[in-house]
Amino acid sequence: MTPGSPPTATDLPVGTVALAAGGELPAVTVAYETWGEFDGTNAVLVEHALTGDSHAGGDDGWWSGLIGPGRAVDTDRWFVVCANVLGGCRGTTGPASPAPDGRPWGSRFPRVGIRDQVEVEARLADHLGVDAWAAVLGGSMGGMRALEWAVARPDRLRAVLLLACPAAASADQIAWAAPQLAAIRADPSWQGGDYHGTGRTPDAGLGIARRVAHTTYRSGAELAARFARRREPDGRYAVESYLDHHAEKLVGRFDAGSYVVLTEAMNDHDIGHGRGGVAAALRRVRAHAVVAGVDSDRLYPLEQQRELADGIPTAERLHVITSPSGHDGFLTEWTQLAGLVKDVLG
Ligand SMILES: CC(=O)SCCNC(=O)CCNC(=O)[C@H](O)C(C)(C)COP(=O)(O)OP(=O)(O)OC[C@H]1O[C@@H](n2cnc3c(N)ncnc32)[C@H](O)[C@@H]1OP(=O)(O)O
Ligand SMILES: N[C@@H](CCO)C(=O)O
C-alpha cells in the first residue's frame, strides 16, 4: 500500500486467549486498520479509548487531526496501526459476537482486563511482524493499554505517550462507573445481558450511562460557559439537550454489553497488581515516556499523571494540556497533542 492511500481494515483470528484473571476466551478475532507502509522499524500503535474504534486516522477518524500525510503522526513516514479493543463492538470479539456455539456471547462473555486486551494486540503485532513498536500512543482507556505495553513488554516499544490515564482506577472513577453500570443493568431490555438477537436493546440504560459519563468527560466551567441556564425551545435546559444528543449518538453506534465489559476492564485496571505495587511496576518502563494530562480533567485528574511522570524512570516531566474540555481534551486539543506526539516520535 502506498503512503497516504486509504486505510486497510482487516479481521485477524488470534486463537484462544488465556485470561489474566483466570479462564480463557476461545476463537478471538481482532479488527484493525493500518495507514502508511511498514519498513521494519516504523510501526506506531494507536490505542483508542472507551467508545472509540480502529478508525483513528483518515479524514473522519477520531484522531484525524493527528494522523495522516504531513500530520504529527505522518503516514508518509510512519506505519500506523489501530485495533478495536477486546470486548468492543467494532469487529473485535466482544459480548455481541457469536460464541463458538453460534449464539451471541452475551452474559457468557468473561470479565476481560487491560492485560488481556494487550495480549490480543501483541498477537496482532506478531502477525504484522512488529518486533518493537516505534511508539504506542493512547489516552484514557487507551492510555491504560499503552502503559500496560510499557510495563509488561518493555522490550517491544521504544516510546510511549500516556494521556489522561491513571496507574490504577481510583475509587472516584469506580464510583462514577457504578451508576452507569446500574442504569444499563436496570433497563428491562438488558435481560441479564442476553438481549442480543431478541429485538430489544437496553437503549435507555446505555443513554443514561452516556449522560453521566459525558458530564464527567467535560468541565463544569465549560458547561457553564457554553450552556449557562439557557433553555431549548422545547423547555429542556440546553445542557440537558446536549447530553440527550450525546446519549442518542452513542446508542446509535455502540453496544451496551461492550460498554459494561469495557467499563469493568477500566475499573479493574491496576498496573501494580501482582507486580509488587504501582511504583515497582512503573520502574520497569524502559521506553522514552511522555506523560500528559488535561488541566480541567475532573475524572482523571492531573495527580494521577503526576504519579506516572514521577514513577516512570524515562519520563522527564508531566506535560499539562490546557483545555476547557476536561477529560475529552485528549480528543480535541489538536495543536497541543501534535506537540506531544512529535516529542514522542522524536
Ligand atoms: C466521528 C466518529 O465516528 S466518532 C467514533 C469514535 N468515537 C470515539 O472515538 C469517541 C470519542 N469521541 C467523543 O467522545 C466525542 O465525539 C468528542 C469528545 C470528540 C466530542 O467533542 P467535541 O468536538 O468537543 O464535541 P461536543 O462535545 O461539543 O459535541 C458537539 C455535538 O453536540 C451537539 N450540541 C451542542 N449543543 C447542543 C445542544 N444544546 N443540544 C443538542 N446538541 C448539542 C452539536 O450539534 C454536536 O453534534 P454532532 O457531534 O452530532 O455534530
Ligand atoms: N469521549 C471518550 C471518553 C472516554 O475516555 C470516549 O467516548 O471514548
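Conventions used here
- Residues numbered from 1 in each chain as written.
- Chains lettered and ligands numbered in written order.
- Predicted model: local features only at pLDDT ≥ 70, side-chain atom pairs only at ≥ 80, totals over all residues.
- Helix = DSSP H or I, 4+ residues; strand = E, 2+ residues; numbered from the N terminus.
- Near = placed C-beta within 6 Å.
- Nonpolar A, V, L, I, M, F, W, Y, C, P; charged D, E, K, R; others polar.
- UniProt positions renumbered as here; feature names shortened; annotations may be inferred.
- Contact = placed C-beta atoms within 7 Å.
- Buried ≥ 20, exposed ≤ 12 C-beta atoms within 10 Å, placed from the backbone.
- Axes fitted to C-alpha atoms, helices over the stretch in contact; angles between N-to-C directions.
- Parallel < 35°, antiparallel > 145°, perpendicular 65-115°, else oblique.
- Left-handed = near helix turned anticlockwise from the far one by under 90°.
- Pairing = 2+ DSSP bridges.
- Right-handed = clockwise from strand over helix to strand, strands pointing away.

A.B. asks: Is there a simple way to explain unusual backbone geometry in this structure?
C.D. replies: The phi torsion of most residues other than glycine is negative, and most of the peptide bonds are trans. The phi angle at S140 is positive, at roughly 60°, despite the residue not being glycine. Inspection of the secondary structure assignment puts S140 in the loop between β7 (135-139) and α2 (141-152). At Q191, a position not held by glycine, the phi torsion is positive, near 55°.

A.B. asks: What should I look at first to understand the site of ligand 2 in this one?
C.D. replies: Close contacts around ligand 2 come from A49, L50, T51, G52, S140, M141, Y217, D328 and L331, and that covers them all. Broken down by class, the residue content of the shell around ligand 2 amounts to five nonpolar, three polar and one charged.

A.B. asks: I tried to follow the UniProt feature "binding site: substrate" (unreviewed entry) in the protein chain on my own but got confused; where do I start?
C.D. replies: Following the UniProt record, one finds the feature "binding site: substrate" (unreviewed entry) at R210 and D328. Their sequence span is 119 residues, while the largest C-alpha to C-alpha distance among them is just 13.5 Å; these annotated residues converge on one region. Note that R210 resides in helix α4 (residues 203-217). Leaving out residues up to four positions away in the same chain, R210 has contacts with H246, A247 and L250. With 24 C-beta atoms packed within 10 Å, D328 lands in the buried category. If sequence neighbours within four positions are ignored, D328 has contacts with Y217 and R218.

A.B. asks: How should the site of ligand 1 be read in this particular structure?
C.D. replies: The immediate surroundings of ligand 1 are formed by 15 residues, with G52, W62, S241, H245 and D328 found nearest. Only α6 (238-253) and α10 (329-332) provide two or more residues apiece to the shell around ligand 1. Take the shell around ligand 1: its biggest share by element is five residues, from α6. In terms of residue class, the shell around ligand 1 is built from four nonpolar, seven polar and four charged.

A.B. asks: Would you mind going over the UniProt feature "active site" (unreviewed entry) in the protein chain with me for this structure?
C.D. replies: Per the UniProt record, "active site" (unreviewed entry) is annotated on S140, D297 and H327. Separation in sequence by 188 residues is not matched in space for these annotated residues, since their most distant C-alpha atoms are only 10.9 Å apart. On the basis of neighbour count, S140 is assigned to the buried category, with 26 C-beta atoms found within 10 Å. Those residues in contact with S140 that lie beyond four places of it in its chain are A49, L50, A164, C165, Y300, H327 and F330. Its location among the elements puts H327 in the loop between β10 (315-321) and α10. Discounting chain neighbours no more than four positions away, the residues touching H327 are S140, A164, T216, Y217, V294, D297, L299 and Y300.

A.B. asks: Would you mind going over the packing of helix α3 (residues 171-186) against α4 with me for this structure?
C.D. replies: One can describe the packing of α3 onto α4 by two numbers: an axis separation of 7 Å at closest approach and a directional angle of 165°. One element, α3, and the other, α4, form an angle in the roughly antiparallel class. Viewed along their axes, α3 and α4 form a crossing whose handedness is right-handed. Contacts from W176, P179, Q180, A183, I184 and A186 of α3 reach α4 at G205, L206, I208, A209, V212, A213 and T216. Class assignment of the residues belonging to the contact of α3 with α4 gives a composition of 10 nonpolar, three polar and no charged.

A.B. asks: Got a minute to help me understand the packing of α3 against helix α7 (residues 256-268) in this structure?
C.D. replies: Two numbers describe a pair of packed helices, the interaxial angle and the distance between the axes. Interaxial distance between α3 and α7 falls to 10 Å at its minimum, and their mutual angle equals 155°. Taken together, α3 and α7 sit at an angle that is classed as roughly antiparallel. Here the hand of the crossing between α3 and α7 comes out left-handed. Judged by residue contacts, I174, A177, Q180, L181 and I184 of α3 engage A256, Y259, V260, T263 and N267 from α7. A per-class count over the contact of α3 with α7 returns seven nonpolar, three polar and no charged.

A.B. asks: How do you make sense of the pairing of β7 when you look at a structure like this?
C.D. replies: Remark: a regular strand shows side chains that alternate across the two faces of the sheet. Among the five residues of β7, five are classified as buried, and the element is accordingly described as predominantly covered. The alternating pattern of β7 places A135, L137 and G139 on one face and V136 and G138 on the opposite face, and all of these are buried. Pairing of strand β3 (residues 43-47) with β7, which is carried by four bridges, proceeds in the parallel orientation. Within β7, the position partnered with E47 by the bridge is G138. As defined by bridge partners, β7 adjoins strand β8 (residues 159-163) across four bridges and the pair is classed as parallel. Counterpart to G139 in the pairing with β8 is L163. With α2 bridging β7 and its parallel neighbour β8, the resulting β-α-β unit is right-handed.

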